[in-house]
There are 2 protein chains.
Amino acid sequence: MEELGVRVGGVILNAFFQPHSVAVIGATLRAGSVGRSIVENLRAFPRDVFWVNPKRAELEGRVVYPSITAIGQRVDLAVIVTPAGSVPGLIRECGEAGVGGVIVISAGFRETGAVGAALEAEILATARELGVRIVGPNCLGLMVPALGLNATFASQMAMPGRVAFLSQSGALCTAILDWSLRDGVGFRAFVSVGSMMDVGWADLIRHLGEDEQTDSIVIYMESVGEGQAFLEAAREVALRKPIVVIKVGRTEEAAHAAASHTGALTGSDAVLDAALRQSGVLRVSTIEELFDVSEILAKQPLPRGRKLGIVTNAGGPGALAVDALVGAGGELAVLSAETLSGLSAVLPGHWSHGNPVDVLGDADTGRYVEAIKIVSRDAGVDGLLVVLTPQSMTKPTEVAEGLAAGVKGIPKPVLASWMGGRGVTDGRRRLNEAGIPTCDYPDQAARAFVLMWERSRRLEWLVETQRAFLEPPLPAIRADEASMILAAARSAGRTLLSESEAKAVLSAWGIPVVTTQVATDEEAAVRLATEMGFPVVVKLHSLTLTHKTDVGGVQLNLSSEAAVRAAWQKIRGAVSPDDFQGVSVQRMIIAKGYELILGSKTDAQFGPVLLFGSGGTLVEVFQDRALALPPISREMATRWMAETKIYQALQGIRGRGPVDLDGLTDCLVRFSAMVSAQKEILEVDINPLIASPDGIVALDARIVLRS
Amino acid sequence: MEELGVRVGGVILNAFFQPHSVAVIGATLRAGSVGRSIVENLRAFPRDVFWVNPKRAELEGRVVYPSITAIGQRVDLAVIVTPAGSVPGLIRECGEAGVGGVIVISAGFRETGAVGAALEAEILATARELGVRIVGPNCLGLMVPALGLNATFASQMAMPGRVAFLSQSGALCTAILDWSLRDGVGFRAFVSVGSMMDVGWADLIRHLGEDEQTDSIVIYMESVGEGQAFLEAAREVALRKPIVVIKVGRTEEAAHAAASHTGALTGSDAVLDAALRQSGVLRVSTIEELFDVSEILAKQPLPRGRKLGIVTNAGGPGALAVDALVGAGGELAVLSAETLSGLSAVLPGHWSHGNPVDVLGDADTGRYVEAIKIVSRDAGVDGLLVVLTPQSMTKPTEVAEGLAAGVKGIPKPVLASWMGGRGVTDGRRRLNEAGIPTCDYPDQAARAFVLMWERSRRLEWLVETQRAFLEPPLPAIRADEASMILAAARSAGRTLLSESEAKAVLSAWGIPVVTTQVATDEEAAVRLATEMGFPVVVKLHSLTLTHKTDVGGVQLNLSSEAAVRAAWQKIRGAVSPDDFQGVSVQRMIIAKGYELILGSKTDAQFGPVLLFGSGGTLVEVFQDRALALPPISREMATRWMAETKIYQALQGIRGRGPVDLDGLTDCLVRFSAMVSAQKEILEVDINPLIASPDGIVALDARIVLRS
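Nothing here was measured: the structure is a model prediction, and the numbers come from that model.

> Can you walk me through the interface of chain B and chain A in this structure?
Quoted interface sizes are often the accessible area lost when the parts come together. Each partner contributes residues to the interface: chain B has 59 residues there, and chain A has 58 residues. For the side of chain B that touches chain A, the elements supplying multiple residues, two or more each, are α5 (170-183), α8 (250-254), α12 (315-327), α22 (619-622) and α24 (646-650) of chain B. Among the elements that line the side of chain B that touches chain A, the one with the most residues is α12(B), at nine residues. Taken together, the residues of the side of chain B that touches chain A sort by class into 23 nonpolar, 25 polar and 11 charged.

Okay, structure coming up:
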């Protein structure tokens, strides 16, 4: 039992995944009880199983122990099914008896209120004191099919396999188990995590990351819990093994409005999305994709790009695959001249002469396989999908064997869709034996390919993220100045900086801003405008009000002294005297560049989160933005920008040259460094940030400090 | 046999769907042949089946007729499986023998080139002459399961049901048949339409629209064929029966670039999308949705809105449904105070207190059903989804019965997801018997609900479209002026109008434009600018070049005489002398409104197509636009605008009031009328069309005429 107690990758969970003995505390044979279900499910476990129940001395002629200590033999794993109130004492007994892991099936803890939460706290303290790890409470239990271990009250046992499945919903476990049995998907481990009082995502990911029998980790998640710990574990493991997550609650969480533009545009689900992307974790949106992709990722190499080559013997299914491919963000590979001429040499004259390669309904095995070989070797093809429909000349099994042999050793993913019923079953089996995944419909396969490519991209993000963590952070240009402004505002009891203060902070960090000066009376405003040169912009200067546009506090394109005076009057009349501390004056810049937004807010789970996208007044209409978590390297800044639509315009379109992308990248990296370094900043909005070929400049800025 | 030969709804297809006798021309028992497959499949047909083959006198002791005429009895339907070259003669024989319908299975026609196309033309002429209707060629055949009619060479027979399925891909038929048998989906008719030489979408839709045993029409489409005829038939039938289409080739077709902005943004797939929407046809994107929704639409009433109420006994599956619902465009219903207090009276204290209504894992049947009844009666709930997961207290069959009884007669759709395996099979059956559709996963059900709502919306579009066809078209304000400008350009051999000509045409149709005058020398430009007042815009005036911005032909915000002179020089230097016919001068309007685009192009299949959306130079970056087909009523104009994101801003956001929506609607209706009336117009682009609270004005316009 040397493996127990040894920390593997920093986590001891072997008691759960490799137990030599299991005890059921609350064992019973009462019909319909949870305790009985567990007892029955554990009958198949080929190692020691002990029954514990102080109310019974024996059942079926078998010893029932009054307590865990009474067993007198080593117990690795205990399963508790007794009422919540009894659990703290039982955990202490388990700890004292040297039990390594406990699964608490019982409910009645924090979900029921304060009493339950207090029970949890007591349990956790005891567990930490005695070195016991706990899965649950309020869970279905766990299965390790290869060991014959079913420590759950589910009505069926999962098949053995190499996918580790972690679920935060017990109810979904049942449905997924049922589905996996129908579709023949096997599991290395099947874990209902419950409310994760102790063992959480990070522990499980680290343990399964080290487990040689786990090929991929698949998670059904309702809440992320300790965000930073989860991300750290994911970053460690994701390079070695695919981690695929379906996370529900996208929309409920996004409903929380916030004070700033950036705040309203984020919400913790969008933040989680960005966090997962940078951590190499793949996120899917349906249960079907969750398992499709976990199986395929484990079997096939990742594509280097998003370009798929398709070989089919019928046009319709090929078109279906193309639509799904492009709809999901993939691309149809453009075949090389060499490939085209090679194909023309083996195909009839009226073949499709392009991708998808239609080998036509009358294709025999030789023609089919030749076409597959030629397409798979095209350097412009990042992955291959072979579609087969039953036709009179078609031999599904032969083509499957030819495909398997023809693509052997090719360093790109190959997927197959053998469509139809009994006639193709044997072909499908051959493909699966050769490690080539099959999908019922070709559109499903095309979407799975795009998810594979997405994993490639996320691994690149992950590598860049790890690198950025190692780089020394960029310093401020005038650090003292920034800190001084922030400190002054805080000591004045303010959490909102004025526009000119905010711009001064940005400027101190090297972000270009348009010069803005404050006028506290009308004459000063006119003087500033005249000095700067018309046209000018006059804005409300307020230490209390935010979102100046909403209250009519922004007057653009003022061309004369009279216009400045009128603007002063208008702004002063629009707000209450308490909110009016004068106006700020800046030169009017006729937008010959693009209006962008650059912002940051502080997320409760993940810390500072950065936002970049299309700015201006339509920011919430188009919602064209992408989030990222600092630190951000220059390389990451480019990837980050590329997640938005506006990036296409920034690179130059329709007779307009590219903007100063180098300056913009610089701006993003500096902004990230500022947000990481100046911990007193809660939120920042730069909107608009103007990007033009001549440079980058912040026209408006808003900074909120922690209170 | 009175039903044969009688035109039902303008179409005679009874020979295909209600034949009393069938002949196979090319009947054979040769192993592996298509002819044999058809002969075998027709053995189950309980009425007369005749074998025709001049090479054999008998097979299996049964008479083989040398020709269709030799049969000497009435034949309603003939199935031809002989080589293409023989088909024209056989069609003539069939016509002369009084055969009403012929299925041509054989391939070798237009898909093989000119010879095949000539054969088709000959066949079609003969068929028209003799009143024979033809399905195919190059098809799998058709099935009418309730009649025991399988006139295909498929290896299996479909189950009887009330869905009519039309497929343009024979290869997909096989896969779908296989899937339908596994999932228990039955068909009224199963038609492989082949290349639709004669019987096309319009005929089939009209026939099945009249067929009392058809509840819904489901189409797998690769090409739309005669667009106008298809739309007319769809508009006639869609109000009575759901028509659901999956159309492949979205992306390939969209790849065709075109000359104008509008052209580049459309492409016939987007046009088809708009055409389907206005015709009440539902479009889906996966095979799974195609059948899910066709079954559900036939069983359940349509929702009046997009708000779904969810009752579940587990949180996870509820969250999954919410994500899918909102992701697809639906909304979670907000429960009324009355509903909430009603629920609190029957549920334990720690229920979810909102939608989804979690009745909790320990809910008994009574509690479950009470909650269902209360939620289903909330006026703010447009549809109900009930999710059940197996829990120890749960009785899936009882809850199913309670659900069916509890929602009986409720005029809103009810969907169910009974999750899990064998334990819920009986409950699912009870639900299906009660006409309540069940989905394996709750997210699937939520997406289906959104598709039902989408059908409601499309029927509203359809009603408006029918009404718009009946309204008298809006006349031009100065019709003569518009026609004169167009005629003058055409007689000068031009197909491109200058900007000032284009604006004059728009103005004659009542669309407000910014006054633009042409200067053919530098001095005139300066004079015009001075007269209009600075700042001004100076643009290239060219009778040949389009897209002035791309060549540097637009100089904005010129504030002085010197600036106008510089602009003249710059523009003249930017293009070749042949493309330079001077400049146009207009007042600079600082955009305090929104930049929109309004355009039209002529589609080969559907005629004029209108485009509305976000305009300006980023039009192709954001691609925020919607298409519509004229005629457009004011009501339709609002729906049309509401398909874009910018519509939210036009209604007023963040301290900015709404734009002149009345004027904008007027503008759209007038534009539609112009495009319909002035047939010489091929394409129009108004970009930008500025919409502000003060009014609507076209800043730039471009009109291309038919050559």
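Moving on from the model shown.
> Teacher, can you tell me more about the sheet that holds strand β11 (residues 186-192) of chain B here?
Either a parallel or an antiparallel arrangement is found when strands of a sheet pair, and the pairing is made through backbone hydrogen bonds. Residue and element names in this part refer to chain B. A sheet is described by the order of its strands in space; here seven strands give the open sequence β9-β8-β11-β10-β12-β13-β14, paired in mixed fashion. This sheet does not close on itself; its edge strands, each paired only once, are β9 (149-152) and β14 (282-283). Sheet topology note: the strand β13 (residues 243-247)/β14 ladder contains two bridges and is parallel. Looking at β14, one finds that V244 is bridged to L282.

> Is there a simple way to think about the sheet that holds strand β1 (residues 21-25) of chain B in this case?
Residues and elements named next belong to chain B. Ordered in space as β3-β4-β2-β1-β5-β6-β7, the seven strands form an open sheet in which the pairing is mixed. Two strands bound the open sheet, and with one partner strand each, they are β3 (58-59) and β7 (133-135). As defined by bridge partners, strand β6 (residues 101-104) adjoins β7 across three bridges and the pair is classed as parallel. Looking at β7, one finds that I103 is bridged to V135. The sheet contacts of helix α2 (residues 34-42) involve β1, β2 (48-52) and β5 (77-80), and relative to β1 the element is tilted by about 160°.

> What is the right way to read the relation of the copies chain B and chain A from this model?
Between the two copies of this chain, the relationship is a rotation about some axis together with a displacement along it. In screw terms, the move from chain B to chain A is a rotation of 180° and a rise of 0.0 Å along the axis, fitting with an RMSD of 0.1 Å. Here the two chains are linked by the operation of a two-fold rotation axis. The position closest to the rotation axis in chain B is occupied by the C-alpha of B:F622, lying 3.9 Å away. Both copies share a contact surface, since 97% of the interface residues of chain B are interface residues in chain A too.

> Looking at this structure, I do not really get unusual backbone geometry. What am I missing?
Across residues other than glycine, the phi torsion is negative in most instances, and most of the peptide bonds are trans. Of the consecutive residues A:P630 and A:P631, the connecting peptide bond is found in the cis state with omega at 0°. By the secondary structure assignment, A:P631 is in the loop between β26 (625-628) and α23 (634-641). Cis peptide bonds are those with omega within 30 degrees of zero, and the linkage from B:N687 to B:P688 qualifies with 5°. Unlike most non-glycine residues, A:M196 shows phi in positive territory, near 50°. Within the secondary structure layout, A:M196 lies in the loop between β11 (186-192) and α6 (201-210). You will see that A:H353, though not glycine, has its phi angle at about 50°, which is positive. Tracing the sequence through the fold places A:H353 in the loop between α13 (337-346) and β17 (357-358). C-beta crowding within 10 Å serves as the criterion here: with 13 such atoms nearby, A:H353 is assigned to the partly exposed category.

> Would you mind showing me how to read the domain arrangement of chain A here?
Residue and element names in this part refer to chain A. For chain A, the assigned domains read domain 1 (14-293), domain 2 (302-458), domain 3 (515-588) and domain 4 (594-705). Listed by partner, the interface residues are 16 residues for domain 1 and 21 residues for domain 4. Broken down by element, the side of domain 1 that touches domain 4 gets its largest block of residues, six residues, from helix α10 (residues 268-278). Here the side of domain 1 that touches domain 4 is composed, by residue class, of seven nonpolar, nine polar and no charged.

The rules behind the values
Residues numbered from 1 in each chain as written. Chains lettered and ligands numbered in written order. Predicted model: local features only at pLDDT ≥ 70, side-chain atom pairs only at ≥ 80, totals over all residues. Contact = placed C-beta atoms within 7 Å. Helix = DSSP H or I, 4+ residues; strand = E, 2+ residues; numbered from the N terminus. Nonpolar A, V, L, I, M, F, W, Y, C, P; charged D, E, K, R; others polar. Pairing = 2+ DSSP bridges. Axes fitted to C-alpha atoms, helices over the stretch in contact; angles between N-to-C directions. Least-squares fit on C-alpha atoms with pLDDT ≥ 70 in both. Buried ≥ 20, exposed ≤ 12 C-beta atoms within 10 Å, placed from the backbone. Domains from an automatic or database assignment.

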